[in-house]
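# Descriptive structure summary
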Amino acid sequence: MIESDYLKGNISFLEKLKKIPTLSTFSEKELKGLLELSRIRKYEPGELILEEGFFDSWIYFLVSGEVKIVKHGEDVSTLKRVGDIFGEMSIIDGSPRSASVYAVDKTVCLATDASYIDRLSDNDRIAFCYILYRIFSEILAERLRSTTEELIKEKEENKKLRSASKKV
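## Describing the sheet that holds strand β6 (residues 74-79)
- Pairing is antiparallel across the open sheet formed by four strands, whose spatial order is β3-β8-β5-β6. Bordering the open sheet on either side are β3 (48-50) and β6, each of which pairs with just one other strand. Shown here is a sheet whose adjacent strand axes are inclined to one another by a mean of 30°, direction ignored.

Written out as structure tokens, the structure reads:
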């Protein structure tokens, strides 16, 4: 992993972040606040980004590339849209990482250390947490919808298999 202070004072990167759907509602002040808590991290293909079972306080916004989510050695999902977020679940509930994340190809992430949020002033912390949790809610709702659709498909397939086995 290569870490960069590229964010300091980089206005063009600020404009790029505004185009990320989950960050598009942030004001310039809020984005600058986020950037003060963040680092750019670059990963090579196959490189481990997060390890299942470990604790840390980093949230990742995918800037470019692709990552795969692995749970108990099984590929669960891939993320490849600019702005996809991962690492948020352990921030929400304080649990260890629920899955590992690996770079599939050259990947760039905006990594934000959520523990720094405690250093913000009361008003800034409240505002930032509101925005962050709104983002979390949107992402988790989208993932729940997707998981529900997958569950329904699996139940339908299971029902077909049971019906076919009864005919035999």
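Having seen the model, we can carry on.
## Digging into the nonpolar core
- Of all hydrophobic cores here, the largest spans 25 residues; its most connected members are Leu 23, Phe 26, Leu 34, Ile 59 and Leu 110.
- Residue assignment for this core shows that the elements contributing at least two residues are α1 (11-18), α2 (28-36), β4 (58-64), β9 (107-113) and α4 (122-167).
- Sorting elements by how many residues they give to this core places α4 first, with six residues.
- Each residue touching Leu 23, except ones within four places of it in the same chain, is listed here: Leu 17, Leu 31, Leu 34, Phe 61 and Ile 135.
- Counting 15 residues, the second largest nonpolar core, distinct from the first, contains Tyr 43, Tyr 60, Ile 69 and Phe 86.

## Some words on the environment of Ile 20
- Secondary-structure assignment places Ile 20 in the loop between α1 and α2.
- Ile 20 sits in the buried class, given a relative accessible area of 2%.
- Through-space distance from the C-alpha of Ile 20 to that of Glu 138 is 14 Å; in sequence the pair is 118 residues apart.
- Setting aside residues up to four positions removed in sequence, Ile 20 forms contacts with Val 82 and Gly 83.

## So, the pattern of salt bridges
- On inspection of all chains with the given rule, the structure shows five salt bridges.
- For the salt bridge of Asp 84 with Arg 81, the shortest nitrogen-to-oxygen distance reads 3.0 Å.
- We classify Asp 84 as buried; its relative accessible area is 9%.
- Put simply, Arg 81, Asp 84 and Glu 142 are held in one network by salt bridges that share partners.

## Observations concerning the packing of aromatic side chains
- Scanning the model with the defined rule gives one aromatic pair in all.
- Centre to centre, the rings of Tyr 60 and Phe 86 are 5.1 Å apart; their planes meet at 5°, and the pair counts as stacked. Of this pair, Tyr 60 sits in strand β4 while Phe 86 sits in strand β7 (residues 85-86), and the two are 26 residues apart along the sequence.
- On the basis of relative accessible area, Tyr 60 is assigned to the buried category, the value being 1%.
- A relative accessible area of 3% places Phe 86 in the buried class.
- Taking NZ or CZ as reference, Arg 41 lies 4.0 Å from the ring centre of Trp 58, over its face.

## Remarks on a negative patch on the surface
- A surface patch of like charges, here negative, comprises Glu 149, Glu 150, Glu 154 and Glu 157.
- As for its placement among the helices and strands, Glu 157 is situated in helix α4.

## A look at α4
- In this model, α4 (46 residues) spans 66 Å end to end at C-alpha, consistent with the 68 Å of a helix rising 1.5 Å per residue.
- Those residues of α4 hidden inside the fold are in contact with α2, β4, β7 and α3 (88-93).

## A few points about the pairing of β9
- A large share of β9 lies buried, amounting to seven of its seven residues.
- Neither face of β9 is exposed, since Thr 107, Cys 109, Ala 111 and Asp 113 on one face and Val 108, Leu 110 and Thr 112 on the opposite face are all buried.
- Bridge count between β4 and β9: six bridges; the pairing is antiparallel. Bridge pairing in β9 places Tyr 60 opposite Ala 111.

What counts and what doesn't
Residues numbered from 1 in each chain as written. Predicted model: local features only at pLDDT ≥ 70, side-chain atom pairs only at ≥ 80, totals over all residues. Heavy atoms only, no water. Pairing = 2+ DSSP bridges. Helix = DSSP H or I, 4+ residues; strand = E, 2+ residues; numbered from the N terminus. Axes fitted to C-alpha atoms, helices over the stretch in contact; angles between N-to-C directions. Core = buried A, V, L, I, M, F, W, Y, C linked by side-chain atoms within 4.5 Å. Buried < 20%, exposed > 50% of the residue type's maximum accessible area, 1.4 Å probe, protein only. Contact = heavy atoms within 4.5 Å. Salt bridge = Lys/Arg side-chain N within 4 Å of Asp/Glu carboxyl O. Phe/Tyr/Trp six-rings, centres within 6.5 Å; stacked < 30°, edge-to-face > 60°. Lys NZ or Arg CZ within 6 Å of the ring centre and 35° of its normal. Patch = residues over 30% accessible without salt bridge, like charges linked within 9 Å, V, L, I, M, F, W, Y side chains within 5 Å. Areas by Shrake-Rupley, 256 points an atom, 1.4 Å probe, with all protein chains shown as cover. Lys, Arg positive; Asp, Glu negative; His and termini not counted. Charge placed at Lys NZ, Arg CZ, Asp CG, Glu CD. Expected span 1.5 Å × (residues − 1).

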